[in-house]
Amino acid sequence: MLKIENLHACIGEKEILRGINLEVKAGEVHAIMGPNGSGKSTLASVLAGRETYEVTEGSIEFFGKNLLEFSPEERAAEGVFLAFQYPIEIPGVSTTNFLKTAVNEIRKYKGEEPLDAVAFLKMFKSKMAFINMDQSLLNRSLNEGFSGGEKKKNEIFQMAVLEPKLALLDETDSGLDIDALRIVAEGVNKLKSPNNATIVVTHYQRLLDYIVPDYVHVLYKGRIVKSGTKELALELEEKGYDWIKSEVDQLV
Amino acid sequence: MENISSLKKQLLVDFQQFEIGLNGNAVKPIHQIRKTAFDTFQQLNFPTIRHEEWKYSNVKSITEKSFNFSGKTDFSVEDLEQMPIPNLEGNIIYFINGIYSSALSKIVSDQSELIILPISEAIIKYSALITEYFNTNTDSDINAFSALNTAFTQHGLFVYVPDNKVVAQPVILRFITDARAENIGLQPRNLFIIGKNAELQIAESYRTLGENEVFTNAYSEIFVNEEANVHYYKVQNETDSSYHIGTTAVLQKSKSVFTANTVTANGGFVRNNLNIKVDGEYAEANMFGLYIPNNTQHIDNHTVVDHMKPNSNSNEFYKGVLKDKSTGVFNGKIFVRQDAQKTNAFQSCKNVLASTDATMNTKPQLEIWADDVKCSHGTTTGQLNDDALFYMQARGISKATAKSLLMLAFAQEVIDKMEIESIKVYLQGLIQEKIYNS
């Protein structure tokens, strides 16, 4: 599904990603871990197409297509979904209106007819039931005045509506208490299928108790320095990141 | 040697003709007001950009032209059907090329609660009210355009609501100006007198058509007596070859509420003056505004709220979305006089520049002589939020649609404050169209 080779990206003069290699297959869950500033969130943003970052080297293939040639909205239409670490508040645009626009723009991209109000509402209701989403939140302005938990839940709800092939969860656990974390993780797990894949970007292991990864990668100084299974995450939880840092720094 | 502009030359002749045309009515006291105003206009002259109040709005392009002020038109009912405001209900008064049209106008409210007349008739029938109110709240002595309008007082609407009357149906003035054949000028002069404890909704809607140029020089005086409540709308949808200079002068008495919604959807050159004198205690003045210029449109809003007495509030909220090479001006003055203790005055003006070629000039001006007051003001001018745009794009929404959605959401806050549903829907449509398709 996704094949990243030797990916380098910088912001201004500063190189943040320095040669990432990663392959993700359908049905898999990958966790990207690493200390602060290692480039985890940058990787998620670059995959989603954020223009602040410039890709200087390497390639990203998504179902055989060169993802780097696509705009953020085209990537979304191709099936990439970024659940934001800090979902943006947009006063005056309701979640319903926002998602209806998104769904129909994606349909237009795929050459499909737009969903009419009735069909959209029907789909919307079934997703709400599936994720257990509160109607009152959806009528309000997008994320405006939402609690941290409500914002993250709204991200997962959007994911349910848009049905991406690749979900990127950027620090979805940040700012959540344990109950909110469990609700969000349940949503992600419900949406998992053999046809889609998930990349979970996180600093802490605790999210991985709920969203169990098939692979764990440790990012440090813009490179994946260690890969393993979920046991690696537990080891990191126990020992912290310092041992990996010193291993890598010794090599350099 | 003074260099007389072509418009001024024309107006000197027009005024002589106007006086002759008045026949015997030129001896009425109001005509002395006209003559004084015309003298003032001649002394003041049209302002240049050296004039502080006109620094960003250059009227030279108006004064170098001439306009037909006679009201002559071939405008037909069929033409009117091409420019509907759907579901418009109330007392609907039409002015075609500045002249009252009794054929098109429709008055539904009972005379016991609402008197509506062309101002030229009111000068004769309601001379006591005219003497008491007309031109008593004016800047004709310092503003050349106001002086000019006063000098040519003849066309416009007189509206009087007696004390304690709550008028259910709004009074809607539709100014339709047809410049398909030639340049047209008009100088509507309106007078609204709202009695004590009375209520009225007023809307002035301006629409121009045709390729030629239109110069509108409008002046409305609104008197809001004790405990009265007035909602006022000014709605502008004029062509890029239209010049509109308009003043709304409001005088509020104690415990009255006045709310203005000024929405400019289109207009080549627009200058709106909204001057409110709060001459009473426990009164409330609300000023809401929205402007969405594109192309090379220029929209200038100057507001003044003058707190003369204690314990009153004013609340001002303007928003602008500027596209293409358009320009905007916001100048908001708040005066709090020494007597006006315990005044609360709030002002905000927020703008989005949707293009790097658009320009916005904002200037809040607060002059406060009282010591126990609460005043706040803030103006912002910025681009659309990049984070919000990326967020929407990441959900599959194209950048162009995302921008439109954000602009519309930004503008919506002002539209939502409107209470006449038909006008609200009409404006919503105009603004949506402009944001998405221009």
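Residues numbered from 1 in each chain as written. Chains lettered and ligands numbered in written order. Predicted model: local features only at pLDDT ≥ 70, side-chain atom pairs only at ≥ 80, totals over all residues.

Asker: I keep staring at unusual backbone geometry and nothing clicks. Help me out?
Answerer: One can expect most non-glycine residues to show negative phi and most peptide bonds to be in trans. Residue and element names in this part refer to chain B. The phi dihedral of N135 is positive, around 60°, even though this residue is not glycine. Exposure remark for N135: the 21 C-beta atoms within 10 Å place this residue in the buried category. Here the phi dihedral of D324 falls at roughly 50°; this positive angle occurs in a residue that is not glycine. Examined against the element boundaries, D324 turns out to sit in the loop between strand 16 (313–322) and strand 17 (327–336). (Buried ≥ 20, exposed ≤ 12 C-beta atoms within 10 Å, placed from the backbone. Helix = DSSP H or I, 4+ residues; strand = E, 2+ residues; numbered from the N terminus.)

Asker: Please explain the interface of chain A and chain B as it appears in this structure.
Answerer: Interfaces are often described in size by the accessible area the parts lose on coming together. Contacts between the two partners involve 20 residues from chain A and, on the opposite side, 17 residues from chain B. Looking at the side of chain A that touches chain B, the elements that each hand over two or more residues are helix 2 (72–78), strand 7 (90–94), helix 3 (95–109) and helix 6 (148–162) of chain A. (Contact = placed C-beta atoms within 7 Å.)

Asker: I'm lost on the sheet that holds strand 1 (residues 2–11) of chain A in this one. Help?
Answerer: The pairing of strands in a sheet comes from backbone hydrogen bonds and takes either a parallel or an antiparallel form. Residue and element names in this part refer to chain A. An order of 2-1-4-5 is seen for the four strands of this open sheet, with the pairing classed as antiparallel. Of all the strands in the sheet, just strand 2 (14–24) and strand 5 (65–66) have a single pairing partner and so form its edges. As judged from the seven bridges shared by strand 1 and strand 4 (residues 54–62), these two strands associate in the antiparallel manner. Bridge pairing links I4 to I60 in strand 4. Sitting on the sheet, helix 1 (residues 40–48) is in contact with strand 1, strand 2 and strand 4, with an inclination near 75° to strand 2. (Pairing = 2+ DSSP bridges. Axes fitted to C-alpha atoms, helices over the stretch in contact; angles between N-to-C directions.)

Asker: I would appreciate a short explanation of the pairing of strand 3 (residues 29–33) of chain A in the present structure.
Answerer: Consecutive side chains of a regular strand alternate in pointing toward one face of the sheet and then the other. All names here are of chain A. For strand 3, the buried fraction is high: five of the five residues fall into the buried class. Residues V29, A31 and M33 of strand 3 are buried on one face, and the alternating residues H30 and I32, pointing to the opposite face, are buried as well. The pairing of strand 3 with strand 10 (residues 197–201) spans four bridges and is parallel. Each residue of the ladder has a partner; that of I32, found in strand 10, is V201. In the sheet, strand 3 pairs with strand 11 (residues 215–220) via four bridges, with the strands oriented parallel. Within strand 11, the position partnered with A31 by the bridge is V216.

Asker: Is there a simple way to explain the packing of helix 6 of chain A against helix 7 (residues 178–191) of chain A in this structure?
Answerer: Helix packing for two helices is described by the angle between their axes and how far apart those axes are. Residue and element names in this part refer to chain A. Where helix 6 meets helix 7, the closest approach of the two axes is 10 Å, and the angle between their N-to-C directions is 5°. Between helix 6 and helix 7, the angle falls in the class roughly parallel. The residues of helix 7 that touch helix 6, namely those facing G149, K152, K153, I156, M159 and A160, are A180, I183, V184, G187, V188 and L191. (Parallel < 35°, antiparallel > 145°, perpendicular 65-115°, else oblique.)

Asker: Explanation requested: helix 1 of chain A in the structure shown.
Answerer: Because the α-helix completes a turn every 3.6 residues, residues three or four places apart line up on one side. Residues and elements named next belong to chain A. When you tally the buried positions in helix 1, you get nine out of nine residues, the bulk of the element. Among all positions in helix 1, only K40, S41, T42, L43, A44, S45, V46, L47 and A48 are buried. Remark: G49 follows helix 1 within two positions and exhibits a positive phi of approximately 100°.

Asker: Help me understand the packing of helix 9 (residues 399–415) of chain B against helix 10 (residues 421–437) of chain B in this model?
Answerer: Residue and element names in this part refer to chain B. Where helix 9 contacts helix 10, the two axes come as close as 10 Å, and the packing angle between them is 155°. Considering the angle they form, helix 9 stands roughly antiparallel to helix 10. Between helix 9 and helix 10 lies a crossing of right-handed hand. Of the residues in helix 10, those in contact with S404, M407, L408, A411 and I415 of helix 9 are K424, L427, Q428, I431, Q432, I435 and Y436. A per-class count over the contact of helix 9 with helix 10 returns eight nonpolar, three polar and one charged. (Left-handed = near helix turned anticlockwise from the far one by under 90°. Nonpolar A, V, L, I, M, F, W, Y, C, P; charged D, E, K, R; others polar.)

Geometric descriptors of this kind do not, in isolation, establish any biological role.
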